[in-house]
Amino acid sequence: MRRHLIIISYGRAFEFLCQFYILASLRRFKNELPSMLLILLPAVIFIYLIITRPDFFYLDELFQKRRNYTIDDEYHAQKRHKEKELNKLLDKINERGMDSLTDKEKEKLKELSQK
């Protein structure tokens, strides 16, 4: 009988110690919760952004110069583009002759040479 009492009392002491340890751990967890959130929350947001929008962190756009084009700049850019097209057509005529041009290329040549 005495053995039973000793085992029961050890069991209750162990149960008390476990409950005490759990409560102490919960109190410590409550004290450390804000610091844990300060670390975990940005990490979770960072991982979410990497998975859903990987281009969010590209820095190329930050270092590129943004140019404000004026009407004159746009006009000159179009003019250069038309000159390049005309030069390509003239080079083709020079290499293969006028008969090598398609109907669309002939129309384009006629349009570009008038301007």
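A quick note: this is a predicted structure, and the numbers were derived from the prediction, not measured.

## Quick look at the overall build of the protein chain
Here is step 1: Within the protein chain, the regular secondary structure consists of four helices and zero strands.
Here is step 2: Residue burial in the protein chain is summarised as follows: out of 115 residues, 5% are buried.

## Focus: the pattern of salt bridges
Here is step 1: Inspection of the entire model under this criterion finds two salt bridges.
Here is step 2: Here lysine 108 makes a salt bridge to glutamate 85, at a shortest N to O gap of 3.4 Å. In this pair, lysine 108 sits in helix α4 (residues 103-114) while glutamate 85 sits in helix α3 (residues 71-96), placing the two residues 23 residues apart along the sequence.
Here is step 3: For glutamate 85, a relative accessible area of 22% translates into the label partly exposed.
Here is step 4: The partner of glutamate 105 in a salt bridge is lysine 92, and the shortest N-O contact between them spans 3.0 Å. Note that glutamate 105 is positioned in helix α4 and lysine 92 in helix α3, a separation of 13 residues in sequence.

## Observations concerning the packing of α3 against α4
Here is step 1: Relative orientation of the contacting elements α3 and α4 amounts to 125°, with a least axis distance of 10 Å. As the angle between them shows, α3 and α4 are arranged oblique. Taken as a pair, α3 and α4 cross one another with a handedness that is left-handed. Between α3 and α4, the residues in contact are Lys82, Glu85, Leu86, Leu89, Leu90, Lys92 and Ile93 and Glu105, Lys108, Leu109 and Leu112, respectively.
Here is step 2: Counted by class, the contact of α3 with α4 contains six nonpolar, no polar and five charged residues.

## Quick look at the confidence of the model for the protein chain
Here is step 1: Scored by pLDDT, the protein chain comes out at a mean of 78, with 77% of its residues at no less than 70.
Here is step 2: Ranking the elements of the protein chain by mean pLDDT puts helix α2 (residues 60-63) last with 64 and α3 first with 89.

## Considerations on α3
Here is step 1: Over its 26 residues, α3 extends 38 Å from the first C-alpha to the last, a length consistent with the 38 Å expected when each residue adds 1.5 Å.
Here is step 2: Once α3 ends, the next one or two residues include glycine 97, with phi positive near 100°.

## Observations regarding a nonpolar patch on the surface
Here is step 1: Among the surface-exposed residues, Phe46, Ile47, Ile50, Ile51, Phe56 and Phe57 lie close enough to one another that they form a single nonpolar patch of about 600 Å² accessible area.
Here is step 2: In this structure, isoleucine 50 sits in helix α1 (residues 2-52).

Calculation rules
Residues numbered from 1 in each chain as written. Predicted model: local features only at pLDDT ≥ 70, side-chain atom pairs only at ≥ 80, totals over all residues. Heavy atoms only, no water. Helix = DSSP H or I, 4+ residues; strand = E, 2+ residues; numbered from the N terminus. Buried < 20%, exposed > 50% of the residue type's maximum accessible area, 1.4 Å probe, protein only. Salt bridge = Lys/Arg side-chain N within 4 Å of Asp/Glu carboxyl O. Axes fitted to C-alpha atoms, helices over the stretch in contact; angles between N-to-C directions. Parallel < 35°, antiparallel > 145°, perpendicular 65-115°, else oblique. Left-handed = near helix turned anticlockwise from the far one by under 90°. Contact = heavy atoms within 4.5 Å. Nonpolar A, V, L, I, M, F, W, Y, C, P; charged D, E, K, R; others polar. pLDDT = per-residue confidence, 0-100. Expected span 1.5 Å × (residues − 1). Patch = residues over 30% accessible without salt bridge, like charges linked within 9 Å, V, L, I, M, F, W, Y side chains within 5 Å. Areas by Shrake-Rupley, 256 points an atom, 1.4 Å probe, with all protein chains shown as cover.

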